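The primary structure of each chain is shown beneath.
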Amino acid sequence: MSTYFSMDALSVGYNGKTLIDDINIEIKKGEIVTLIGPNGSGKSTILKSITRQLKLIGGKVVFDSNNLEAMSYKEMSTKMAVVLTERLKPELMTCHDIVATGRYPYTGRLGILSREDEEKVDAALAAVHAADLGERDFDAISDGQRQRVLLARAICQEPEIIILDEPTSFLDIRHKLELLAILKRMAKKNNITVIMSLHEIDLAEKISDKVLCVKGDHTVHYGTPEEIFEEQKIRSLYEIDNGFFDPLFGSIELPRPEGEAKTFVLCGAGTGIPVFRNLQKQGIPFAAGILYENDVDYRLARLLASEVVSEKPFEEISEEAFNRAKAVIEGCETVIDAGVPAGSCNKRVDELRKFARDCGKLISS
């Protein structure tokens, strides 16, 4: 599939002053591309520049083989829909009226909507589950409802590409997921290209075909989520020094409790995760084991535990790992049995339970 939208040596900024330069990306039709990065890094500036709300300082934007700056605004309005963060301040307009403005590029000079236009307005409201808002005053609804109505307006415009700046900012989790599902459906079913910025990097990881990382005066990475969402790349992008990002689950974690572990968590197969989080909330440093390195508990324990006693996947627990676990248990005051089942490979877990019980340290989670 050939390139549909590209930024070639693009420089963007305000009043002739460059904020970000040398942006080079290629986007295929129907792809979802998400901009991520710290607040103030310039994501909105890029979006405003490629929608011609800001004058380009250098380079060019190519849209369906056309230089964007050579396109008329009328032509752009039939191909590109924009949903930015600025608050609309309409007077005495219903939600239906707002959505209907998406049809204006297709109406005559008087802006009179045909029956077909009205049907498309109703269909767009229904698509974002906002049909019940049609007759309500746009100024009288919540921020989340406004965001859905503005998305309906963009859908009503029947664009080839849609640009959104932080579209999930005012939405609760249900409506965040709903909105992103709508965008995904638009991209994959209708072949509409989506370019947007998101603060929620866990959602960006899950919905995007490509991700552009923006930081300071340049873009630092562009690629697939698998290429971008690596622990060190995200840590560097956001300068995270007070917690962790786990790319496998897309989760943000607070720092591990400080101090020497006085509690050992005997866990595995997901049994340890609620125990880890509870100990972290209480500020209690802990050790964990014996965990296979492909175990879901291991993913979190390596971030939150003071020490993790581990074993290679699918191997029987070695003497080295078993003795290390015993030594850690001896140095702890309590051992929390999270209820990990013992099988053929990890059968020595039962020996650790007995050892902890004999030491008078074993408690159940």
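Draft legend 1. Spotlight on a negative patch on the surface. A surface patch of like charges, here negative, comprises Glu 118, Glu 119, Asp 122 and Glu 135. Looking at the secondary structure, you find Asp 122 in helix H4 (residues 115-127). Look at Asp 122 and you get partly exposed, because its relative accessible area is 43%.

Draft legend 2. How the structure looks around the packing of helix H12 (residues 319-331) against helix H13 (residues 349-358). Relative orientation of the contacting elements H12 and H13 amounts to 25 degrees, with a least axis distance of 11 Å. Relative to H13, the element H12 is oriented roughly parallel. Between H12 and H13 the crossing geometry is right-handed. Where H12 approaches H13, its residues Phe 322, Ala 325, Lys 326, Ile 329 and Glu 330 are matched on the opposing element by Glu 351, Leu 352 and Phe 355. By residue class, the composition of the contact of H12 with H13 is five nonpolar, no polar and three charged.

Draft legend 3. A look at the environment of Leu 68. If you trace the backbone, Leu 68 turns up in the loop between strand E5 (66-67) and helix H2 (73-79). Using a relative accessible area of 2% as the deciding quantity, one classes Leu 68 as buried. C-alpha of Leu 68 to C-alpha of Phe 5: the two residues are 63 residues apart in sequence and 9.6 Å apart in space. If sequence neighbours within four positions are ignored, Leu 68 has contacts with Ile 50, Arg 52, Val 61, Phe 63, Met 76 and Met 80.

Draft legend 4. Structural view of the pattern of salt bridges. For the coordinates displayed, the defined rule picks out 20 salt bridges. Taking the shortest distance from any N to any O, the salt bridge between Lys 120 and Glu 116 comes out at 3.3 Å. Taken together, the positions of Lys 120 and Glu 116, both in helix H4 and four residues apart, correspond to about one turn of that helix. Relative accessible area serves as the criterion here: at 23%, Lys 120 is assigned to the partly exposed category. The exposure class assigned to Glu 116 is partly exposed, which follows from its relative accessible area of 48%. Ionic pairing is found between Asp 358 and Lys 354, a salt bridge with its closest N-O pair at 2.9 Å. Placement of both Asp 358 and Lys 354 in helix H13 is noted, with a separation of four residues, approximately one turn of the helix.

Draft legend 5. Seen up close, the sheet that holds strand E17 (residues 362-364). Across the sheet, which stays open at both edges, the five strands sit in the order E15-E14-E13-E16-E17 with parallel pairing between neighbours. A strand with exactly one partner marks an edge of an open sheet, and here the two such strands are strand E15 (307-311) and E17. The sheet shows a mean angle of 25 degrees between the axes of neighbouring strands, direction not considered. Pairing geometry for strand E13 (residues 263-266) and strand E14 (residues 286-292), over four bridges, is parallel. By the bridge assignment for E14, Phe 264 is matched with Ala 287. Contacts between H12 and the sheet are confined to E13, E14, E15 and strand E16 (334-337), with E15 contributing the most and set at about 160 degrees to the helix.

Draft legend 6. View of the side chain of Arg 348. Turning to its location among the elements, Arg 348 is positioned in the loop between E16 and H13. Residues contacting Arg 348, with those up to four places away along its chain left out, are Ile 317, Ser 318, Glu 319 and Phe 322.

Draft legend 7. Fine view of the sheet that holds E5. Spatial strand order, E2-E1-E4-E5: four strands in an open sheet with antiparallel pairing. Strand pairing shows two members of the sheet lacking a second neighbour, strand E2 (17-28) and E5, which therefore form its edges. Where strand E1 (residues 3-14) lies against strand E4 (residues 58-63), five bridges are found, and the strand directions are antiparallel. Residue pairing in the sheet places Asp 8 in a bridge with Lys 60 of E4.

Basis of the calculations
Residues numbered from 1 in each chain as written. Predicted model: local features only at pLDDT ≥ 70, side-chain atom pairs only at ≥ 80, totals over all residues. Heavy atoms only, no water. Patch = residues over 30% accessible without salt bridge, like charges linked within 9 Å, V, L, I, M, F, W, Y side chains within 5 Å. Areas by Shrake-Rupley, 256 points an atom, 1.4 Å probe, with all protein chains shown as cover. Salt bridge = Lys/Arg side-chain N within 4 Å of Asp/Glu carboxyl O. Lys, Arg positive; Asp, Glu negative; His and termini not counted. Charge placed at Lys NZ, Arg CZ, Asp CG, Glu CD. Helix = DSSP H or I, 4+ residues; strand = E, 2+ residues; numbered from the N terminus. Buried < 20%, exposed > 50% of the residue type's maximum accessible area, 1.4 Å probe, protein only. Axes fitted to C-alpha atoms, helices over the stretch in contact; angles between N-to-C directions. Parallel < 35°, antiparallel > 145°, perpendicular 65-115°, else oblique. Left-handed = near helix turned anticlockwise from the far one by under 90°. Contact = heavy atoms within 4.5 Å. Nonpolar A, V, L, I, M, F, W, Y, C, P; charged D, E, K, R; others polar. Pairing = 2+ DSSP bridges.

Read these as geometric descriptors, not functional statements.
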